Number of protein chains: 4
Amino acid sequence: MDQMDLGAASLAHHYCVVRAETEARAAPLSAEDQGLQSMPDASPVKWHRAHTTWFFETFVLLAACPDYQAFDPAFGYLFNSYYEAVGPRHSRAARGLLSRPGTERITAYRAYVDAAMLKFLPQAAADTRALVVLGLQHEQQHQELIWTDILHGFAQNPMLPVAVPGGLAPNALPGQTQYRRCAGGLVTIGHDMAGGFAFDNETPRHQVYLAPFEIADCPVRNRDFTDFIDDGGYANPALWMADGFAEVQAKGWRAPIYWEDDGMEMSLAGFVMRDPAAPVRHMSWYEADAFARWAGARLPTEAEFEFACADPDVGELYGLANAVWQWTASAYLPYPGFAPAAGAVGEYNGKFMINQMVLRGGSCATPDGHARRTYRNFFPPATRWQFAGLRLARNI
Amino acid sequence: MDQMDLGAASLAHHYCVVRAETEARAAPLSAEDQGLQSMPDASPVKWHRAHTTWFFETFVLLAACPDYQAFDPAFGYLFNSYYEAVGPRHSRAARGLLSRPGTERITAYRAYVDAAMLKFLPQAAADTRALVVLGLQHEQQHQELIWTDILHGFAQNPMLPVAVPGGLAPNALPGQTQYRRCAGGLVTIGHDMAGGFAFDNETPRHQVYLAPFEIADCPVRNRDFTDFIDDGGYANPALWMADGFAEVQAKGWRAPIYWEDDGMEMSLAGFVMRDPAAPVRHMSWYEADAFARWAGARLPTEAEFEFACADPDVGELYGLANAVWQWTASAYLPYPGFAPAAGAVGEYNGKFMINQMVLRGGSCATPDGHARRTYRNFFPPATRWQFAGLRLARNI
Amino acid sequence: MDQMDLGAASLAHHYCVVRAETEARAAPLSAEDQGLQSMPDASPVKWHRAHTTWFFETFVLLAACPDYQAFDPAFGYLFNSYYEAVGPRHSRAARGLLSRPGTERITAYRAYVDAAMLKFLPQAAADTRALVVLGLQHEQQHQELIWTDILHGFAQNPMLPVAVPGGLAPNALPGQTQYRRCAGGLVTIGHDMAGGFAFDNETPRHQVYLAPFEIADCPVRNRDFTDFIDDGGYANPALWMADGFAEVQAKGWRAPIYWEDDGMEMSLAGFVMRDPAAPVRHMSWYEADAFARWAGARLPTEAEFEFACADPDVGELYGLANAVWQWTASAYLPYPGFAPAAGAVGEYNGKFMINQMVLRGGSCATPDGHARRTYRNFFPPATRWQFAGLRLARNI
Amino acid sequence: MDQMDLGAASLAHHYCVVRAETEARAAPLSAEDQGLQSMPDASPVKWHRAHTTWFFETFVLLAACPDYQAFDPAFGYLFNSYYEAVGPRHSRAARGLLSRPGTERITAYRAYVDAAMLKFLPQAAADTRALVVLGLQHEQQHQELIWTDILHGFAQNPMLPVAVPGGLAPNALPGQTQYRRCAGGLVTIGHDMAGGFAFDNETPRHQVYLAPFEIADCPVRNRDFTDFIDDGGYANPALWMADGFAEVQAKGWRAPIYWEDDGMEMSLAGFVMRDPAAPVRHMSWYEADAFARWAGARLPTEAEFEFACADPDVGELYGLANAVWQWTASAYLPYPGFAPAAGAVGEYNGKFMINQMVLRGGSCATPDGHARRTYRNFFPPATRWQFAGLRLARNI
């Protein structure tokens, strides 16, 4: 899983940087905010802070550091997310019921583990250092979830609180969307396991045949999606997968999840005007797929998306990072020859390779430097609370 | 609803005493604890603190105090419990999602309203003073709920926290239970609307015919209920109402809700040994009814219970207060001639007179001086998280 | 349970009459119609035909007739309704999945048991004859259910089939409703266990104190209920119990269950015009209770209802039979001193004495001669598919 | 969708043969059996008989035959399955509530439409003949569903009835399973739209790159799956997708759906001994996937499966038809360049291309001549009531 072996010193530095970003995201949130769980799919912020710490404690310190004493034996149960090999765990849907341990105690837990980690890192062997790198990538994933989950929680509050004071930088996409042509052919995708970290699900690098296609140079914007809505998109079954239209009717979907009337939306910066030129986001795969059909186009496959990013004939594609995750036409399945990592961390990705669709790109909530061209994000097709939009493609 | 008109000075004193008890119960709980909602039927402690304050703000200050400015206009929506006449309200099941307003702000809300109330009380007219008395009785009911609800919440936490440091005073019942004979006849029950407060549901005082009966001088004890369990009580359908046995099977009930193995139980004092001589508690009406049938007895009706407490021939009955609420055989229905109070507070009791059973007595969680002989507590028959047990009766 | 000991000859005659009525109700229904189960609370017609037969086979023939051979050993499991003492049983909600045994085989089962019964009856002892009488009363109850259940089933069919060709006799109530005064006092209600059959739940006869009241001489008519609807009754929470208004909102209730636009309704005679002068029916207790509140009245208690029917000062009350069952203000609870019948038939009534409300009177679907003044029908308050309406009462 | 244009005479003959097979499958079932719907995913047999007839009436006769009069206008609503373009339709889950129209009337419907079709076919234009061919393929799919659905229904009946008297021919697989090597490379799959019928989802023919692999020459047998169970396969989370293990625990799965103790299983021939050498069947994709992982192998992709069947180096693969459908590792997604058929029949396949996995092969319930090498069957991964098993593959 780790193809990048940082030296101990730079690893310690990287460790501090990543851990600090988590705390920075949590800092504007009160202890009560950090305990909030608004649905089973979302977790409390303090749980994210504890679980990412548990990862280092469990897979690094308890596994490889001889003198390490666990901060609290109960935490092994409370903060295991889904690792069956590690033992039983607290129910996911009940994470919001853990008023104790309190947020202050989670802060102490983080400090305790950080101290132990920084003391231990100089002696850590290469395989352990690889687990540290994995743990930091893991923590970055939870940094994004801290924002998606608190946004969902705050959106349930009639007072519509602000989670990120000052908000995120504006991300309007300039200009007009253009299609870029890609010749395809027998191409190679996936991570080559050299020159930097990749998750196991990005491997092995393998060949895929692509017919020629075109791909948009920009994600779809809010103003485009408004046209879809105004054209009756949510009421026209011909545009939808059957499962998607059933969701539309059962849940009463009429727009992306955080859209409100009068051009407003709920966001991390609170209740604000939508920017028509910003990428549309917080939609399900079903909505992305229906929009693409309405637009006379389709979603790109993940192989098309990945290859187009690297193909010099295609040119620069905008909105690959700091914009939105972009739903693809690809189911999240193992690459040919895929083998999960050995040990408990083999549960990291492999056991989720069913019932989900791949997203590519990266969002305004993704930590800097986390995503990459081969990165495979994935969620079930009805998922709406992520920073997810789309980019169009079409056959030639 | 109020038959007791305290003078303004003593009312102000009473106001301070009751309000202080609420704060005393909340004091050992962190801000995070106070936000906890473990099921739709339970509310966060801070919500109880705010809602009881909203009652005074809405029905007293905004209604009768000319210069009063609402603390926060949003609170009218957030902290209305169920008063349709007052306007729309936040969903009950989503009270636990209100990380904001935070606990500190609720504390400020209480202080603000208390100051306004204490300033206003000397000028308050009699009908307004009656609403203040009602509001204090209302707050006392929520004091008990603070404890039942936090106990339920803490029981979901694998760390089994302590809600009341030092616990509640032990309440073992001495001696052996005896049946007391009551001749019955055409008796009068209900509150006479003189000499002290009563809720509207305790009125009007009216005649009821009672055949002769016997009633136990003590509630049923833990050791008695252990016998029922050991005798296979939960597995024998002949002892149960059909709806009750369906609950037993669907939910896997095997003992009162907080009983654990090895004679332990979860309590406000944390995880402790059960006292065999203490009244059994935290059971549904179904369990109380099945136990009584197993014991060759039955539950008393509420009229029997109330009359026996006053009948000099019966003698003292133990465990009427500071022990447990005791399920009766009576459905919670309006007394003959019942009319709800006028105005929005008419919603206080009347609209709940269906699908519930009456409990009599009072529990270790009931504030001192709150319950009385004519008091009608009520919950649906499957309710288990209250301090509820039973007392036996039988025909002669 | 049986206070009436018919001679063997007249019992055999009675047996034939009752059994024939069941077949007469089933006759217009195809085999496929008879297998229909449109909700867990309703049962297929052929199941009713088999279960009533199972009652005689199980409690009479197998229990008391030495040479009797069961028709099919599997039927003991398939057609037990809820008798725990008799053994395990097929799931209620899955009765509609029993395409086999087919309707023809149920017809054969009935014929086989009838022949054995008629042969056995002359030798039957008094206690067995009492069980036969109970079985016939039981079968009459299922005759009403045959009609309520097939009506519910046919109402789900877009073709709105006719269940009773020719329909039921029209039942418009003449004239205008008048209130009749009743002095009340210490009265006696319940069955005296002499002079005819009664279910155990009608006993023992006992004293009840009634304050003076007035009761309407007629059930509420469709035209009255139309006024309630036109006055916004379903949208006004002040008229409803909280649980009732929650049902209204959750289920979208806007009228009695079978009412359709333009004055039409689904009925046993198919899709027909409602008669404004006919008693309103097919409503829940919640709707009856809300209507009464809107009308400035209340539901009578079951004791008031029963006593008024017998009080010579009250005069004749219309619509006691052949009209509608009438919801009362009384919860279905045991009478003072109630003891269930001995043996498995003790499960007949007693174990359902919770979560239900009493109805009095009798409907157009009730077999002639089945209901009586002391008869206690009962259903949960949200029940709508029965022939249930109401009669008003008020305090004096 | 139709690449095969039969002459009118042979099409008429083919029409008669296919329609007769449907009737032959329904013939042993009573009218009551034919109305049975045991879960929302299954439909009553008589509904299958009517819906397949509706297809011809709607898309052929009403669309292209000028003088045709609809048999019953209500049937357009009752027997539309999911064609939004055709209009509203009866709820799928409520198909079992249609006791009327009765089975006899469905028989008359079929006869009426058959007569009209046979009269019309000689004049039918080529595009209409193509819809007839599609309708016959559609009817063959429902022939398999008649068996899968009645089997599920009968399995709910404690009497375990026989749906196919005499049963299906035994299908033990001889010998031992061998892996066959396939070199892969840039291969072509999908239907070439020449030389016979294909569904739109099998097109267009396109190139796929395959790494070398091995594929078993036989499906997995009952005896192999017994080894998996005996080895604790259902209790070992390391073998399962997370969603699959959650299903195992929530539903209590311990074996394929119709397996019973003592080597027995419920089947179309009733309750019979399992043949250890027969292909294992009636399992979900999750179980197939877990078994493959346990066996140190994996499921083949649909491209591997299809190509291997045609690759002369691989040799004959057994169990491609008349055995079981075989779950693949491929999600059911559109082939590159896929375009649904024009008109309402474009809803046939395309709108279901999400949340499902592809099965290849063909089962003992598949009509002769229906399946083919390029055929894509598909079901959600939790589906268990189909004749579905698996074949193993592995990387080289």
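Look up: the structure comes first, before these words.
Quick notes on the rules
- Residues numbered from 1 in each chain as written.
- Chains lettered and ligands numbered in written order.
- Predicted model: local features only at pLDDT ≥ 70, side-chain atom pairs only at ≥ 80, totals over all residues.
- Heavy atoms only, no water.
- Helix = DSSP H or I, 4+ residues; strand = E, 2+ residues; numbered from the N terminus.
- Rg over C-alpha atoms; globule rule 2.2 N^0.38 Å.
- Buried < 20%, exposed > 50% of the residue type's maximum accessible area, 1.4 Å probe, protein only.
- Contact = heavy atoms within 4.5 Å.
- Buried area = accessible area lost by both parts, 1.4 Å probe.
- Salt bridge = Lys/Arg side-chain N within 4 Å of Asp/Glu carboxyl O.
- Polar contact = N/O pair within 3.5 Å; in protein donor to acceptor, adjacent residues only side chain to side chain.
- Nonpolar A, V, L, I, M, F, W, Y, C, P; charged D, E, K, R; others polar.
- Least-squares fit on C-alpha atoms with pLDDT ≥ 70 in both.
- Phe/Tyr/Trp six-rings, centres within 6.5 Å; stacked < 30°, edge-to-face > 60°.
- Lys NZ or Arg CZ within 6 Å of the ring centre and 35° of its normal.
- Pairing = 2+ DSSP bridges.
- Axes fitted to C-alpha atoms, helices over the stretch in contact; angles between N-to-C directions.
- Parallel < 35°, antiparallel > 145°, perpendicular 65-115°, else oblique.
- Left-handed = near helix turned anticlockwise from the far one by under 90°.

Trainee: So what's going on with the overall build of chain A? Which residues, and what values?
Mentor: When you go through chain A residue by residue, the secondary structure sums to ten helices and eleven strands. A compact globule built from 396 residues should have a C-alpha radius of gyration of about 21 Å, and chain A, at 21 Å, falls within 12% of that. The dimensions of chain A, computed from C-alpha atoms along their principal axes, are 65 × 50 × 35 Å. Counting only residues that meet the buried cut, chain A has 60% of its 396 residues in that class.

Trainee: How would you sum up the interface of chain B and chain C? Please name residues and give values.
Mentor: Contact with chain B, which involves 26 residues of that partner, is made by 26 residues of chain C. Summing both sides of the interface, chain B and chain C together bury roughly 2,000 Å²; the carbon and sulfur share of this comes to 66%. Contact with chain C buries area across many residues of chain B, yet Tyr209, Ile354 and Asn355 of chain B alone supply 26% of it, more than any other trio. Viewed at the interface, chain C and chain B are joined by zero salt bridges. Summed over the shared surface of chain B and chain C, the result is eight residue pairs in polar contact (both at pLDDT 80 or more). Secondary-structure elements contributing two or more residues to the side of chain B that touches chain C are strand E3 (206-210), helix H8 (242-251), helix H9 (285-294) and strand E7 (325-331) of chain B. Taken together, the residues that form the side of chain B that touches chain C break down as 17 nonpolar, six polar and three charged.

Trainee: Can you tell me about the relation of the copies chain A and chain B, naming the residues and giving the values?
Mentor: If you rotate chain A by 180° and push it 0.1 Å along the axis, it lands on chain B with an RMSD of 0.0 Å. Given the turn and translation reported, the copies of this chain are related as if by a two-fold rotation axis. Every residue of chain A has its C-alpha some distance from the rotation axis, and the shortest such distance is that of Glu32 of chain A, at 2.5 Å. Comparing contact sets, 97% of the residues at the interface of chain A also lie at the interface in chain B, consistent with an isologous, same-surface contact.

Trainee: Please give an account of the interface of chain A and chain B that cites residues and values.
Mentor: One widely used convention gives an interface's size as the accessible area the parts lose upon coming together. Listed as interface residues are 29 residues of chain A and, on the opposing side, 28 residues of chain B. With both chains or domains summed, chain A and chain B bury close to 2,100 Å², and 58% of this area falls on carbon and sulfur atoms. Among the residues chain A hides against chain B, the three largest losses belong to Glu32, Leu97 and Arg100 of chain A. Together they make up 35% of the total. Two residues, Glu32 of chain A and Lys46 of chain B, come together in a salt bridge whose shortest N-O distance is 2.9 Å. For the pair chain A and chain B, the number of links is ten residue pairs in polar contact (both at pLDDT 80 or more). Counting residues per element, the ones that place at least two in the side of chain A that touches chain B are helix H2 (31-34) and helix H4 (75-78) of chain A.

Trainee: Residue-level account of the arrangement of the chains, with values.
Mentor: Note that chain A does not reach chain C: the shortest distance linking a C-alpha of one to a C-alpha of the other is 14 Å. The two units chain B and chain D are non-contacting; their minimal C-alpha-C-alpha distance is 14 Å.

Trainee: I'd like to hear about the packing of aromatic side chains, residue by residue, with values.
Mentor: Residues and elements named next belong to chain A. Inspection of the entire model under this criterion finds 128 aromatic pairs over all chains. Relative to Phe75, the ring of Phe71 lies with its centre 5.6 Å away and its plane at 55°, an arrangement referred to as tilted. Taken as a pair, Phe71 and Phe75 share a single burial class, namely buried. Of note, Arg95 hangs over the ring of Trp47, and the distance from its end group to the ring centre comes to 3.6 Å.

Trainee: Explain the sheet that holds strand E9 (residues 377-379) of chain B to me, and be specific about the residues and the numbers.
Mentor: Residues and elements named next belong to chain B. Read across the sheet, four strands follow the order E9-E8-E7-E10 without closing on themselves; strand pairing throughout is mixed. Because the sheet does not close on itself, it has two edges, and the strands there are E9 and strand E10 (388-389). In terms of strand pairing, strand E8 (residues 357-361) meets E9 through three bridges, oriented antiparallel. Bridge assignment links Val358 to a residue of E9, and that residue is Phe378. Strands in contact with H9 are E7, E8 and E10; relative to E7, the strand with the most contacts, it is inclined by about 85°.

Trainee: Before we move on, can you summarise the pairing of strand E5 (residues 264-267) of chain D with the specific residues and values?
Mentor: Residues and elements named next belong to chain D. Here E5 shows two buried faces, one formed by Met264 and Met266 and the other by Glu265 and Ser267. Bridge analysis of E5 against strand E6 (residues 270-273) gives four bridges, and the strand direction is antiparallel. Bridged to Glu265 within E6 is Val272. Here E5 folds back onto E6 in antiparallel fashion, the turn holding two residues.

Trainee: How would you explain the sheet that holds strand E7 (residues 325-331) of chain A if you had to name every residue and give the values?
Mentor: All names here are of chain A. Spatial strand order, E9-E8-E7-E10: four strands in an open sheet with mixed pairing. The open sheet has two edge strands, strand E9 (377-379) and strand E10 (388-389), and neither has a second partner. Examined bridge by bridge, E7 and strand E8 (residues 357-361) share four bridges and lie antiparallel to one another. Counted as the bridge partner of Gln326 is Arg360 from E8.

Trainee: Any chance you could break down the packing of helix H1 (residues 8-26) of chain A against helix H3 (residues 45-64) of chain A for me, citing the residues and the numbers?
Mentor: Residues and elements named next belong to chain A. At a minimum axis distance of 10 Å, the contact between H1 and H3 shows a crossing angle of 165°. Compared by their axis directions, H1 and H3 come out roughly antiparallel. You can see that H1 and H3 cross each other, and the crossing is left-handed. Between H1 and H3, the contacting residues are Tyr15, Arg19, Thr22, Glu23 and Ala26 on the first element and Val45, Arg49, Thr52, Thr53 and Phe56 on the second.

Trainee: Which residues make up the pairing of E3 of chain B, and what are the values?
Mentor: Residues and elements named next belong to chain B. The two faces of E3 differ: His206, Val208 and Leu210 on one face are buried, but Gln207 and Tyr209 on the other face are not. The pairing of strand E2 (residues 185-189) with E3 spans five bridges and is antiparallel. Bridging across to E3, Thr188 finds its partner in Gln207.

Trainee: An account of the environment of Ser363 of chain B is needed here, citing residue identities and associated values.
Mentor: All names here are of chain B. Residue position: Ser363 is located in the loop between E8 and E9. For the pair Ser363 and Val162, spaced 201 residues apart in sequence, the C-alpha separation works out to 19 Å. Setting aside chain neighbours within four positions, we find Ser363 in contact with Glu144, Asn322, Ala323, Val324, Trp325 and Phe387. A polar atom in the side chain of Ser363 sits 2.8 Å from the side chain of Glu144.

Trainee: Give me the side chain of Glu347 of chain A: which residues, what numbers.
Mentor: All names here are of chain A. Mapped onto the secondary structure, Glu347 falls in the loop between E7 and E8. The buried category is assigned to Glu347, whose relative accessible area is 13%. Side-chain polar atoms of Glu347 contact the backbone nitrogen of Glu84, separated by 2.8 Å. At 2.6 Å, the side chain of Glu347 forms a polar contact with the side chain of Lys351. If we ignore the near neighbours within four places in the chain, the residues touching Glu347 are Tyr82, Tyr83, Glu84, Ala85 and Phe352.

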